[in-house]
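The primary structure of each chain is shown beneath.
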Amino acid sequence: MLRHNSANFESCETDIATFDMPDFNNDSASNNFHKMAGNAIHDYFYSRSDTDLNGVILRAFQRWPEDIPIPCSKVKSQEWWNPKVMRSPAKRGYLFVKEMKTGSSTVSGVVLRIARNIARRMGNKDMCNVRVDHSAARDLNYADRIKNESFLFTMIRNPEKRVTSQFFHFFVSRQKEEPSDVNFQSFLNKSNYLFDYYLRDLALVPTNLPDIKKKIYFYKPHKMDPRKLKNLRLRLANDIMRGYDFIGITERMDESLVALMMILRLKISDILYLKAKSSGNFDDGAYNKTCTYIVPSFVSPGMKAFFKSPFYLHQTEGDWLLYRAVNRSLDLTIDQLGRSVFEKYLEAFVEAQMLANAKCGKNIRLPCSSSGVRSPYKAYVSNSTDCLWLDSGCGAECLDSLEFEIDMI
């Protein structure tokens, strides 16, 4: 059972590196942990064929049980799109942890499309309860979710590509700074994007452990005892692998979405997408209510050298452990779903995406035009665009019109 002694919070090294995590290989410990968090446990949640990669478990993410209704709890507020709602804790619905610069705006559109389509099929609902904004799992109390009424998932990207994209998006494009090697390292040293970003952002900690939540966010790898740091990283990574219903890989976007479709028993038309952002274009215009040109990124020789440095490797070891385990787990998931069946669905999805891009790609109405003009809107949902939320789920009207044709592929 997860527990702590508040009297022992003297330093980061002794706090989060030594607190008791449940032994997920022990059924009673696992059940006690989730009972404490107020969750219902289903046998499907834990794979019985786990192996590990460098100490991090590998698992085939399980299909949603046929005897349990697919999650679609009613939204508490009709303003589901309101940032205050999107960033509020939730125990039910489609809970997508949106990681920075992982293609997450595009995937958020898919999540919204899924939540809306399922709600429509069930009748009398505009949208299933959903979360798709940038918020850490610990801040939205996802450790306390009700598992048979929620689906928790995320998408992660190669850490080197992610921090490169973050640098060019937030520092070069928004702040108009030079993309120099010195600025790159300065940006990473001053931000929280470098060290174990995924482990800290995706960590699942029950709400009755607020001190642990804070210390997971603020721990610094270079200030911790190496043995305790390794132990902490493995515990966080394994908790994430056990605690999520699905984790996809940005570099394998289409495979990840098809796997998600099969896990939730969806239609191909549910997972269609048009890219939300791309370099050489403009963002969603939400930052300072101004359309920002996205400067194309590159990796300089100095950046390449930095990625091979002991400092970088030490700071990001936890994220690389998780990334490699998730990448391998996606293969295990495909094998369990049935590789031959999966390949047929993947082929059909690629064909559907080509059709969607051909018929809808040029007609999409984004928040920012190709010339950088921002569409007027009073809220995060605008009649002047065809997006479901900000720049997520754009081209919705056109994609909807292709539903019958695509589902016949």
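Higher on the page you've got the structure.
Source: prediction; values computed, not measured. (Residues numbered from 1 in each chain as written. Predicted model: local features only at pLDDT ≥ 70, side-chain atom pairs only at ≥ 80, totals over all residues. Heavy atoms only, no water.)

### Regarding the overall build of the protein chain
So, step 1. Helix and strand counts for the protein chain stand at 15 helices and six strands.
So, step 2. Taken over 409 residues, the protein chain has a buried fraction of 56%.
So, step 3. For the protein chain, the proportion of contacts with a sequence separation of at least 24, taken over those separated by at least 6, is 75%.
So, step 4. Within the structure as shown, the protein chain displays about 18000 Å² of accessible surface, and the carbon and sulfur contribution to it stands at 50%. (Helix = DSSP H or I, 4+ residues; strand = E, 2+ residues; numbered from the N terminus. Buried < 20%, exposed > 50% of the residue type's maximum accessible area, 1.4 Å probe, protein only. Contact = heavy atoms within 4.5 Å. Areas by Shrake-Rupley, 256 points an atom, 1.4 Å probe, with all protein chains shown as cover.)

### A word on the sheet that holds strand β4 (residues 130-131)
So, step 1. Reading across from one edge, β4-β3-β5-β6 is the order of the four strands in this open sheet, with parallel pairing throughout. Sheet topology places β4 and β6 (246-249) at the edges, where each strand pairs with a single neighbour.
So, step 2. Sheet topology note: the strand β3 (residues 93-97)/β4 ladder contains two bridges and is parallel. Considered in β4, the bridge of Leu 95 is made with Arg 131.
So, step 3. Contacting β5 (150-156) and β6, helix α12 (residues 310-337) crosses the sheet at an angle of about 100° to β6. (Pairing = 2+ DSSP bridges. Axes fitted to C-alpha atoms, helices over the stretch in contact; angles between N-to-C directions.)

### Considerations on the environment of Ile 146
So, step 1. Along the chain, Ile 146 falls in the loop between β4 and β5.
So, step 2. Considered as a pair, Ile 146 and Lys 91 are 55 residues apart in the sequence and their alpha carbons are 5.5 Å apart.

### Points about the pattern of salt bridges
So, step 1. In the structure shown here, the tally under the stated rule is 18 salt bridges.
So, step 2. The partner of Arg 116 in a salt bridge is Asp 400, and the shortest N-O contact between them spans 2.7 Å. Separated by 284 residues along the polypeptide, Arg 116 in helix α4 (residues 104-122) and Asp 400 in helix α14 (residues 396-401) bring together distant segments of the chain.
So, step 3. The partner of Arg 138 in a salt bridge is Asp 139, with the nearest N and O atoms 4.0 Å apart.
So, step 4. One connected set of salt bridges, linked through shared partners, spans Arg 113, Arg 116, Arg 120 and Asp 400. (Salt bridge = Lys/Arg side-chain N within 4 Å of Asp/Glu carboxyl O.)

### Brief notes about the packing of helix α9 (residues 226-243) against α12
So, step 1. Contact geometry of α9 with α12 gives a least axis separation of 10 Å together with a crossing angle of 30°. In terms of their interaxial angle, α9 and α12 are classed as roughly parallel. As for the relative orientation of α9 and α12, their crossing is right-handed in sense. On α12, the residues touching Leu 229, Arg 233, Leu 234, Ala 237, Ile 240 and Met 241 of α9 are His 314, Gln 315, Thr 316, Glu 317, Gly 318, Leu 321, Leu 322, Ala 325, Val 326 and Ser 329.
So, step 2. Grouping the constituent residues of the contact of α9 with α12 by class yields nine nonpolar, five polar and two charged. (Parallel < 35°, antiparallel > 145°, perpendicular 65-115°, else oblique. Left-handed = near helix turned anticlockwise from the far one by under 90°. Nonpolar A, V, L, I, M, F, W, Y, C, P; charged D, E, K, R; others polar.)

### Considering the packing of aromatic side chains
So, step 1. Evaluation of the coordinates by the stated rule reveals 23 aromatic pairs.
So, step 2. Consider the rings of Tyr 193 and Tyr 197, whose centres lie 6.2 Å apart with planes at 80°: the pair is edge-to-face.
So, step 3. Where Phe 282 meets Tyr 293, the ring centres are 5.6 Å apart and the plane angle is 70°; that geometry is what we call edge-to-face. Here the residue Phe 282 occupies a position in the loop between α10 (253-264) and α11 (301-307), and Tyr 293 occupies one in the loop between α10 and α11, the gap between them amounting to eleven residues.
So, step 4. The ring of Tyr 198 has Arg 162 lying over it, and the distance from NZ or CZ to the ring centre is 4.7 Å.
So, step 5. Residue placement shows Arg 200 over the ring face of Phe 195; its charged tip is 4.1 Å from the ring centre. (Phe/Tyr/Trp six-rings, centres within 6.5 Å; stacked < 30°, edge-to-face > 60°. Lys NZ or Arg CZ within 6 Å of the ring centre and 35° of its normal.)

### Details of the state of the cysteines
So, step 1. Counted by the stated rule, this structure contains four disulfides.
So, step 2. Disulfide pairing places Cys 291 opposite Cys 368 at an S-S distance of 2.0 Å. Residues Cys 291 and Cys 368 are joined by a disulfide whose S-S torsion is about -95°; by sign, that bridge is left-handed. Taken together, the residues span a long stretch of sequence, with Cys 291 in the loop between α10 and α11 and Cys 368 in the loop between α13 (339-360) and α14 at a distance of 77 residues.
So, step 3. Given the relative accessible area of 11%, Cys 291 is considered buried.
So, step 4. Residue pairing for Cys 387: its cysteine sulfur links by disulfide to Cys 394, the two sulfurs lying 1.9 Å apart. Taking the torsion about the S-S bond as the criterion, the Cys 387 to Cys 394 disulfide, at about 100°, is right-handed. In this pair, the class of Cys 387 matches that of Cys 394, namely buried. (Disulfide = S-S within 2.5 Å.)

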